[in-house]
Each structure stands twice: as structure tokens, then as C-alpha cells.
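# Coordinates in review
Each chain, letter by letter, is given below.
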Amino acid sequence: QVQLVESGGGLVQPGGSMRLSCAASESIDKINSMGWYRQAPGKQRELVATITSGGSTNYADSVKGRFTVSKDNAKNTMYLQMNSLKPEDTAVYHCNAVQLITIWDVRMYWGQGTQVTVSS
């Protein structure tokens, strides 16, 4: 059971920057893919960005060019650098990890989430 803990959320002004962290309870070398999702009030959870064990990344169109996902395997931590933040980026951001144990056993883990509020 992998535990994920997010940190780094808070209040930021439009146009500002923020970095989120997601710390895993065990080595992320064993995790096939990690990602960030967000959920705004009254909306469904949506994909923000993902990063594979090999370092390939994928972004939602709404954040391309503004957000960067990265990871540090030595620290068992994934990051989300968010620049040029907009009010519509306001949401609870959740960390996700997918672990392929066998082809019949794929496990998904979620963090509790961290609130990001973009407002003047």
C-alpha cells in the first residue's frame, strides 16, 4: 500500500507561481506512472499532468506551457511547478500513482489533496 501526501498548496494571486509536492511512502522506482489531478467545486476530477517511470510527461491542454511535472526518485517525490496561475486553476489538487504488480493486478493510489486558490 503506497501512501501519498501532497503539500505546497495555498493562496496565490493571478499570474503567480506555486510548487506542489507529492511524497510517496515507498520507492517510486516501483511505480509505473504518477500524476496530478484536480477537482474544482461542482466539477468532476480532471487530469492535470502525468509522468511515467521513464520520465515521459503528458499535460492537459489547459495547463500546457504553464505547468511542469517532475519527480525526484531519490526523494520519492513528485512535483508540479505551476506558473502564470489563473483563477480557473483554483481546485483541490490530488496526487495519483499507478503500480503494475502483474498484468492482472494494477493498483491505483490517491493522496488526500491540497487546496490551491488563485485569487486577488
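Here, every reference points to the structure presented above.
What counts as what
Residues numbered from 1 in each chain as written. Predicted model: local features only at pLDDT ≥ 70, side-chain atom pairs only at ≥ 80, totals over all residues. Heavy atoms only, no water. Core = buried A, V, L, I, M, F, W, Y, C linked by side-chain atoms within 4.5 Å. Buried < 20%, exposed > 50% of the residue type's maximum accessible area, 1.4 Å probe, protein only. Helix = DSSP H or I, 4+ residues; strand = E, 2+ residues; numbered from the N terminus. Contact = heavy atoms within 4.5 Å. Disulfide = S-S within 2.5 Å. Pairing = 2+ DSSP bridges. Phe/Tyr/Trp six-rings, centres within 6.5 Å; stacked < 30°, edge-to-face > 60°.

### As for the nonpolar core
Judged by nonpolar contacts, the single largest core of 31 residues is most densely connected at L4, M34, W36, L80, M82 and Y93. Breaking this core down by element, the ones donating at least two residues are β3 (18–24), β4 (33–39), β5 (46–52), β7 (67–72), β8 (77–82), β9 (91–102) and β11 (114–118). With near-sequence residues (within four places) excluded, L80 lies in contact with M18, R19, L20, W36, V48, A49, F67, T68, V69 and Y93.

### Points about the state of the cysteines
Scanning the model with the defined rule gives one disulfide in all. Here C22 pairs with C95 through a disulfide, and the sulfurs are 1.9 Å apart. Residues C22 and C95 are joined through a disulfide that is left-handed, its torsion about the S-S bond being -70 degrees. In this pair, C22 sits in strand β3 while C95 sits in strand β9, placing the two residues 73 residues apart along the sequence.

### Concerning the pairing of β11
The side-chain alternation of β11 yields one buried face, formed by T114, V116 and V118, and one unburied face, formed by Q115 and T117. Bridge count between strand β2 (residues 10–12) and β11: three bridges; the pairing is parallel. Its bridge partner being in β11, G10 is matched across the sheet by V116. Where β9 meets β11, three bridges bridge the pair, whose relative direction is antiparallel. Considered in β11, the bridge of Y93 is made with T114.

### Some points on the packing of aromatic side chains
Under the criterion given, the structure shown has one aromatic pair. Aromatic side chains Y37 and W110 sit 5.1 Å apart centroid to centroid with 70 degrees between the ring planes, which places their arrangement in the edge-to-face category. With Y37 in strand β4 and W110 in strand β10 (residues 105–110), this residue pair connects regions lying 73 residues apart in the sequence.

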